[in-house]
Amino acid sequence: MRSMKALQKALSRAGSHCGRGGWGHPSRSPLLGGGVRHHLSEAAAQGRETPHSHQPQHQDQCCSISTKWLGMNTWVSAMPRKVIFPLLPTPTPPTSSTKLGVCFRFQSEKETGDRNYAIGYYLKEKKCFPKGVDMMAALDLYFQLCSVEVTCESGSVMAATLANGGICPITGESVLSAEAVRNTLSLMHSCGMYDFSGQFAFHVGLPAKSAVSGAILLVVPNVMGMMCLSPPLDKLGNSHRGTSFCQKLVSLFNFHNYDNLRHCARKLDPRREGAEVRNKTVVNLLFAAYSGDVSALRRFALSAMDMEQKDYDSRTALHVAAAEGHIEVVKFLIEACKVNPFAKDRWGNIPLDDAVQFNHLEVVKLLQDYQDSYTLSETQAEAAAEALSKENLESMV
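Residues numbered from 1 in each chain as written. Predicted model: local features only at pLDDT ≥ 70, side-chain atom pairs only at ≥ 80, totals over all residues. Heavy atoms only, no water.

## Concerning the confidence of the model for the chain
Step number 1: For the chain, per-residue confidence averages 75 on the pLDDT scale, and residues scoring 70 or more make up 65% of the total.
Step number 2: Counting contacts from residues 14-63, a segment whose pLDDT is below 50, to residues more than four positions away or on other chains yields 102 contacts. (pLDDT = per-residue confidence, 0-100. Contact = heavy atoms within 4.5 Å.)

Put into structure tokens, the structure is as follows:
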């Protein structure tokens with residue numbers, strides 16, 4: 001399908017401009033807060049070693065993109081077969097250095113999370129915590145979640161799980177309830193991009209979550225999940241190139257929440273399967289003409305459907321309406337849709353021939369008048385095009 005291939009090509013081109021690789025340094029994890037980055041910068045200034053201290057060169061040029069299409073085997077084969085959600089997708093047991101790195105990041109988050117402590121005490125004062133809930137235990141859990149290290153690949157599986165209604169597309173396991181997914185996506189859509197959330201919802205219209213590491217997790221519900229990484233941040237703390245990529249993605253494909261108004265937006269839709277959808281639209285169009293359903297035909301026309309589509313016998317909706325004698329349908333097709341009255345089916349008949357054969361006199365008169373005006377308008381259009389061509393030649397001479 002052309003639009004889906006275009007999306008895959010765009011994603012591969014964006015990912016080929018820079019290396020993918022792992023996260024390497026823990027401060028590049030998309031779920032780490034500013035406390036870890038501050039702690040690591042202090043350690044680097046004092047010459048102390050830190051876990052995973054090998055940072056790749058030219059970090060400002062790093063950009064990594066990983067996607068997961070729901071129901072697409074070509075993308076599934078590139079993903080790990082076993083996923084431990086929401087931790088790393090590798091089933092290997094953690095080593096001592098991995099445990100040390102996780103503990104280090106957790107302690108760093110806990111020591112530098114002053115604002116989180118302030119928010120916690122404020123919520124406690126307003127009695128926002130349920131009875132029996134320990135605020136410090138809740139904060140510890142939050143700091144642990146902020147210390148989880150992920151890659152673009154595992155992050156895209158998380159995003160695809162949210163896009164798939166809580167069912168992991170790799171393992172088929174249900175890891176989140178439908179209500180939890182709905183609430184999570186609602187929060188991501190309303191405040192997942194910090195102070196840029198309102199503008200992001202306006203321009204992109206998709207739930208997303210950004211991190212100070214330069215990562216953006218993007219969810220296209222019922223389609224795919226995506227995570228992209230580009231460390232340079234804008235003034236609001238979001239990845240500059242990641243945000244630009246999301247906007248360009250939505251400008252090309254109708255993924256925005258309100259792009260389903262297709263008569264207002266001309267974009268590619270990779271969710272549509274060409275031949276199947278085309279056959280279905282032809283059947284719906286001809287059935288509406290057969291049953292005299294003008295409202296359905298008007299709805300099809302407003303959705304930018306080709307009203308001159310033909311079936312396997314090369315018959316159009318005007319052929320069917322003329323044969324059935326539905327004068328209101330014929331009026332709508334010739335007056336509002338301006339369809340071609342000279343289209344021939346495989347037997348060489350035009351709609352007027354069908355109306356004559358079944359003795360629908362009103363339809364015959366209507367089609368005859370329309371044929372005369374349609375021929376006249378075509379002649380005028382050809383004359384105008386010829387005159388314009390002569391003017392262009394004269395101006396060139």
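## Quick look at the pairing of strand β3 (residues 215-220)
Step number 1: Counted residue by residue, β3 has six buried out of six residues, so it is predominantly covered.
Step number 2: Because side chains alternate across β3, one face comprises the buried residues Ala215, Leu217 and Val219, and the other comprises Ile216, Leu218 and Val220, equally buried.
Step number 3: Between strand β2 (residues 208-210) and β3, which pair antiparallel in sequence order, lie four residues; one of them, glycine 214, sits at a positive phi of approximately 100°.
Step number 4: Sheet analysis places β3 next to strand β4 (residues 224-229), joined by six bridges and oriented antiparallel. (Buried < 20%, exposed > 50% of the residue type's maximum accessible area, 1.4 Å probe, protein only. Helix = DSSP H or I, 4+ residues; strand = E, 2+ residues; numbered from the N terminus. Pairing = 2+ DSSP bridges.)

## Some words on unusual backbone geometry
Step number 1: If you check the backbone angles, tyrosine 194 has positive phi at about 60° while not being a glycine.
Step number 2: Positionally, tyrosine 194 belongs in the loop between α8 (178-191) and α9 (197-203).
Step number 3: Unusually for a residue other than glycine, serine 314 sits at a positive phi of about 65°.
Step number 4: In this structure, serine 314 sits in the loop between α12 (294-302) and α13 (317-324).

## With respect to the packing of helix α5 (residues 114-125) against helix α6 (residues 135-146)
Step number 1: Running from N to C, α5 and α6 cross one another at 140°; their axes reach a closest spacing of 11 Å. When the axes of α5 and α6 are compared, the crossing they make is right-handed. Along the contact surface, α5 presents Asn116, Tyr117, Gly120, Tyr121 and Lys124, while α6 presents Met135, Met136, Leu139, Tyr142 and Phe143.
Step number 2: Split by residue class, the contact of α5 with α6 holds seven nonpolar, two polar and one charged. (Axes fitted to C-alpha atoms, helices over the stretch in contact; angles between N-to-C directions. Left-handed = near helix turned anticlockwise from the far one by under 90°. Nonpolar A, V, L, I, M, F, W, Y, C, P; charged D, E, K, R; others polar.)

## Re the side chain of glutamine 309
Step number 1: With respect to the helices, strands and loops of the structure, glutamine 309 is situated in the loop between α12 and α13.
Step number 2: Side chain to side chain, glutamine 309 and threonine 281 meet in a polar contact 3.3 Å long.
Step number 3: A polar contact of 3.1 Å, which involves the side chain of glutamine 309, links it to the backbone oxygen of aspartate 306.
Step number 4: Setting aside its immediate chain neighbours within four residues, glutamine 309 contacts Arg278, Thr281, Val282, Leu285, Arg315, Thr316 and Ala317. (Polar contact = N/O pair within 3.5 Å; in protein donor to acceptor, adjacent residues only side chain to side chain.)

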